[in-house]
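Listed below, chain by chain, are the residues.
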Amino acid sequence: MRHLSDDLKVIMLNTISSLLRRRFPHSLWVSMIPVREELFGLERLEEHAQSLAKAQQIIGSEPSVLSQQNRLGENATVLLASYRECAAELEWGDNVVPAAEWLLVAISGRKNS
């Protein structure tokens, strides 16, 4: 469509839109009409489940992940550093964004005004 004039592009898009409106008189995404039919029948649902299962990669062992205790420790370290930085900005008289204010209130338990 790069070589077509702008007028011809508009005509083509309007024609396509018109044809689609005739085929689908209302958008399914904004429709308030309740769904009265099955989207997938039982047989089609089973086929879909099998195709999804076939597409999954099977590995020989479970993936290695950090323990929950390690992850919690890392999260606590990051939150404490963020808290200290936000508190320092507030002490210097700088404005803090709402998320930083929430963090200060959540950790200290009181709102600094």
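Draft legend 1. Structural context of the overall build of the chain. Each helix and strand in the chain was counted, giving 4 helices and 0 strands. Scanning the chain from its N terminus toward the C terminus, one meets helices and strands in the order α-α-α-α. By residue count, 5% of the 113 residues in the chain fall in the buried class.

Draft legend 2. Quick look at the confidence of the model for the chain. The share of residues in the chain with pLDDT of 70 or more is 75%, and the mean pLDDT across the chain is 79. Ranking the elements of the chain by mean pLDDT puts helix 1 (residues 6-23) last with 71 and helix 3 (residues 68-91) first with 91.

Draft legend 3. Layout of helix 4 (residues 98-108). For helix 4, the set of buried residues is A100, L103 and L104. Projected onto a plane normal to the axis of helix 4, the buried residues spread over an arc of 100 degrees and lie on a single side. Of the residues in helix 4, the exposed ones pointing more than 90 degrees away from the buried face are P98, A99 and W102. Buried residues in helix 4 make contact with helix 3. Positive backbone phi, at 85 degrees, marks G109, one or two positions downstream of helix 4.

Draft legend 4. Spotlight on a nonpolar patch on the surface. A cluster of nonpolar side chains, namely L8, I11 and M12, defines an oily patch on the protein surface of about 240 Å² accessible area. Secondary-structure assignment places I11 in helix 1.

Draft legend 5. Layout of the nonpolar core. Counting 6 residues, the largest nonpolar core consists of C86, A87, V96, A100, L103 and L104. The set of elements that each furnish at least two residues to this core consists of helix 3 and helix 4.

Conventions we followed
- Residues numbered from 1 in each chain as written.
- Predicted model: local features only at pLDDT ≥ 70, side-chain atom pairs only at ≥ 80, totals over all residues.
- Heavy atoms only, no water.
- Helix = DSSP H or I, 4+ residues; strand = E, 2+ residues; numbered from the N terminus.
- Buried < 20%, exposed > 50% of the residue type's maximum accessible area, 1.4 Å probe, protein only.
- pLDDT = per-residue confidence, 0-100.
- Arc of directions from axis to C-beta.
- Contact = heavy atoms within 4.5 Å.
- Patch = residues over 30% accessible without salt bridge, like charges linked within 9 Å, V, L, I, M, F, W, Y side chains within 5 Å.
- Areas by Shrake-Rupley, 256 points an atom, 1.4 Å probe, with all protein chains shown as cover.
- Salt bridge = Lys/Arg side-chain N within 4 Å of Asp/Glu carboxyl O.
- Core = buried A, V, L, I, M, F, W, Y, C linked by side-chain atoms within 4.5 Å.

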